[in-house]
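Single-letter residue listing:
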Amino acid sequence: MTFTRRIKKGDRTYVYRVQTYREKGTGKVKQNTEYLGKEVIENGKTILIPPKRKNQGAREILEYGQHVALFKLAEKFRLPQIIQDSIGHHTRIDDIGLKTTILAINKITAGFTIGSIANWYSRSSLKTRLDITSDDFTEKKVRNILELLVKHNPDVTGLIEEGLAARIKELNGDDLDTVVYDLTALIYHGDKNELAQYGHAYKTSGEKQINVVIGITKKNMLPLHHKVLSGKIVSVSTIHSFVKELKVFGVEKAILVLDRGFYSKRNVREILDGKHDVIGALSSNLKLTKEALTNSVDIENSRYRIRYPGDVLFSKEFVEDDIRVIVYHDPARKSRQLQRLYEDLNEIENKLDGLAGKQYEQYYVLKEEIKGICGVYLDHFKIKYENSTHGCSFTFRMKHKSVQRVTNRFGKTVLFTSTGLDVASVLKLYREKDVVEKVFQLMKGKGMVPINASTESSTKARILLNYLGYLLLSLLRQKLDEDFTLQKALTRLGQVREVVYKDNSQELPELTKNQKTILKKLNML
């Protein structure tokens, strides 16, 4: 006879299967008991959670969370199939769609080192779900895939992007209406790559760079098109040619959202002459910007207030030489900037006071110490050095006009636009660019930099994998709510492992609450 026994302890109910039998020889009634798990109530229904298996029979423990989550998103988007349909008939490499997708996942989760991909795949739960083996990722086979991805005849990268654009249009037709244009500089560590040149990043990094421009749909922030360019400062002609290329992907009319990378009034005029709808930020060192700020000293006035969700903002609009310029003022941001500035200046003054009475034997030692204390605020102080028989000392004072010039810009954003949109809509479109920049920063931390490939083709292949990885991260971000940032979700997923037992059964060990929440959002639980 077999029956089920439930034992309640506190708010938990434990379930057992009980089988009775008579012992041979004595005739006594005995029981065999098997623990089935505990009952819990979810969404009004009682479900049984089976017990976790012991690891005694475990064959291996595999990386599960990030790999499987990103692959499931790729499958739902049909990324492997899109790549296969786009370029499969141009190569003898089997399952090129699957293999390229796996390499993209590797690029953004492990950084992509050609010689270690086979080992990485052997430790991934993907190998238990796909008809692909570690032998498919030998160094030679991976190089063959990379060579294919940058093939020019036909343009393999272009074919893949066309397939992706068609899918984006199929899922969200209006997603192609507005494209955010972004440029990022990738630091190059090497000396052989012809793409690597000295550009605007040289001032901060001292290194050569390679530029990547990317077009991203505004609504869902999905990558639509990208180009890898020389590290020299990109000209306005790059924007014009990029817009023409977007038409291949079905973008007939785009609003380009640009950063502060164009440093002259002439550049702005050239952009506007391209007849594109443009929203861009003006650099603070432009005469046009300074004039706009000077004319906006009275901006914090009720007549200039605009209704903007979640913020109290003001704006003033000007037309300078047929250029529509809008100054925005955010009092809350100004307050935060002032607080941070004066806290930093107070700290610097206290440290300088502590040094002021000391004598230094060598002038350059004192100068370097002061430079280290002041940092980026050095221009806000007048330092006077004095030499005597006892050594070198100094006095200092704050340059108040220098500080005032900086604080006058606090809380201000100066944009130009060729659109006829109202000032609130212009700012909203520009601010959405921040999402793109944050994903770019994440991508740089996920294998995009540093670049040390020695050839142009190898560089472009790796960046294409990053571009596809960017797509997967964007798809993941869409699944999350405000409780989880993209980075937080990736961190939690990266901690999820899968146990494979000797009988080939699989099991996820105990999950945290956050891990369960994320996996449920991705329909993985």
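Residues numbered from 1 in each chain as written. Predicted model: local features only at pLDDT ≥ 70, side-chain atom pairs only at ≥ 80, totals over all residues. Heavy atoms only, no water.

**Q** If you had to explain the sheet that holds strand β5 (residues 58-63) to someone new, which residues and values would you point to?
**A** An order of β5-β17-β18 is seen for the 3 strands of this open sheet, with the pairing classed as antiparallel. On the outer flanks of this sheet lie β5 and β18 (506-507), each paired with one strand and no other. Sheet topology places strand β17 (residues 497-501) next to β18; 2 bridges connect them, and they run antiparallel. Opposite Val499, over in β18, you have Glu507 as the bridge partner. (Pairing = 2+ DSSP bridges. Helix = DSSP H or I, 4+ residues; strand = E, 2+ residues; numbered from the N terminus.)

**Q** Hey, could you go over the sheet that holds strand β4 (residues 45-49) for me, with residue numbers and the actual values?
**A** Pairing in this open sheet of 4 strands is antiparallel, and the strands run β1-β2-β3-β4 from one edge to the other. Of all the strands in the sheet, just β1 (2-9) and β4 have a single pairing partner and so form its edges. With strand direction ignored, the average angle separating the axes of adjacent strands in the sheet is 35 degrees. Direction of pairing for strand β3 (residues 29-42) relative to β4: antiparallel, over a ladder of 5 bridges. When the sheet's bridge partners are listed, Lys38 is paired in β4 with Ile49. (Axes fitted to C-alpha atoms, helices over the stretch in contact; angles between N-to-C directions.)

**Q** Any chance you could break down the packing of helix α2 (residues 79-87) against helix α6 (residues 156-171) for me, citing the residues and the numbers?
**A** It is the contact of α2 with α6, at a shortest axis distance of 9 Å, that shows an interaxial angle of 135 degrees. As summarised for this structure, α2 and α6 are arranged oblique, according to the angle between their axes. Crossing hand, α2 versus α6: right-handed. Contact residues: Leu79, Ile82, Ile83, Ser86 and Ile87 in α2; Val156, Leu159, Ile160, Gly163, Leu164 and Arg167 in α6. Classifying every residue of the contact of α2 with α6 gives 8 nonpolar, 2 polar and 1 charged. (Parallel < 35°, antiparallel > 145°, perpendicular 65-115°, else oblique. Left-handed = near helix turned anticlockwise from the far one by under 90°. Contact = heavy atoms within 4.5 Å. Nonpolar A, V, L, I, M, F, W, Y, C, P; charged D, E, K, R; others polar.)

**Q** Tell me about a positive patch on the surface, residues and numbers included.
**A** A cluster of basic side chains, namely Lys290, Lys382, Lys384, Arg397, Lys399, Lys401, Arg405 and Arg409, defines a positive patch on the protein surface. The residue Lys401 is located in helix α13 (residues 400-407) in this model. Since its relative accessible area comes to 69%, Lys401 is described here as exposed. (Patch = residues over 30% accessible without salt bridge, like charges linked within 9 Å, V, L, I, M, F, W, Y side chains within 5 Å. Areas by Shrake-Rupley, 256 points an atom, 1.4 Å probe, with all protein chains shown as cover. Salt bridge = Lys/Arg side-chain N within 4 Å of Asp/Glu carboxyl O. Lys, Arg positive; Asp, Glu negative; His and termini not counted. Charge placed at Lys NZ, Arg CZ, Asp CG, Glu CD. Buried < 20%, exposed > 50% of the residue type's maximum accessible area, 1.4 Å probe, protein only.)

**Q** Describe helix α16 (residues 456-479), with residues and values.
**A** With 24 residues, α16 should cover 34 Å at 1.5 Å per step; its first-to-last C-alpha distance of 35 Å lies within 8% of that length. Judged by how many residues are buried, α16 sits mostly within the fold: 17 of 24 residues are covered. (Expected span 1.5 Å × (residues − 1).)

**Q** Describe the pairing of strand β16 (residues 412-417), with residues and values.
**A** Where burial is concerned, most of β16 is hidden: 6 out of the 6 residues are buried. Of the two faces of β16, the one lined by Lys412, Val414 and Phe416 and the one lined by Thr413, Leu415 and Thr417 are each fully buried. In terms of strand pairing, strand β10 (residues 277-281) meets β16 through 3 bridges, oriented antiparallel. Bridging across to β16, Ile279 finds its partner in Thr417.

**Q** I'd like a description of the packing of aromatic side chains, backed by residues and values.
**A** Inspection of every chain in the model, using the stated rule, returns 5 aromatic pairs. Measuring from ring centre to ring centre gives 5.0 Å for Tyr363 and Tyr385, while their planes differ by 85 degrees; the resulting arrangement is edge-to-face. Here the residue Tyr363 occupies a position in helix α12 (residues 363-374), and Tyr385 occupies one in strand β14 (residues 381-388), the gap between them amounting to 22 residues. Connected via pairs of aromatic rings, a cluster forms that spans Trp120, Tyr121 and Phe137. Sitting over the ring of Phe77, Arg167 keeps its end group 5.9 Å from the ring centre. (Phe/Tyr/Trp six-rings, centres within 6.5 Å; stacked < 30°, edge-to-face > 60°. Lys NZ or Arg CZ within 6 Å of the ring centre and 35° of its normal.)

**Q** Tell me about the nonpolar core, and name the residues and values.
**A** Side chains that are nonpolar tend, in soluble globular proteins, to be buried together. Counting residues in hydrophobic clusters, the biggest one holds 99 residues, and the most contacted among them are Leu79, Ile160, Leu164, Leu224 and Leu468. With 11 residues, the top contributor of residues to this core is α16. (Core = buried A, V, L, I, M, F, W, Y, C linked by side-chain atoms within 4.5 Å.)

**Q** Describe in detail unusual backbone geometry, supporting the description with residues and values.
**A** Of note, the amide linkage connecting Asn153 to Pro154 takes the cis form, showing an omega dihedral of 5 degrees. With respect to the element layout, Pro154 can be found in the loop between α5 (139-149) and α6. Even without being glycine, Arg78 reaches a positive phi, approximately 75 degrees. Structurally, Arg78 can be placed in the loop between α1 (65-77) and α2. Notably, Met221 is not glycine yet its phi reads approximately 55 degrees, a positive angle. In this structure, Met221 sits in the loop between β7 (208-217) and β8 (223-229).

**Q** Can you lay out the environment of Glu147 for me, pointing to particular residues and giving the numbers?
**A** Within the fold, Glu147 resides in helix α5. When its relative accessible area of 54% is taken as the criterion, Glu147 is described as exposed.

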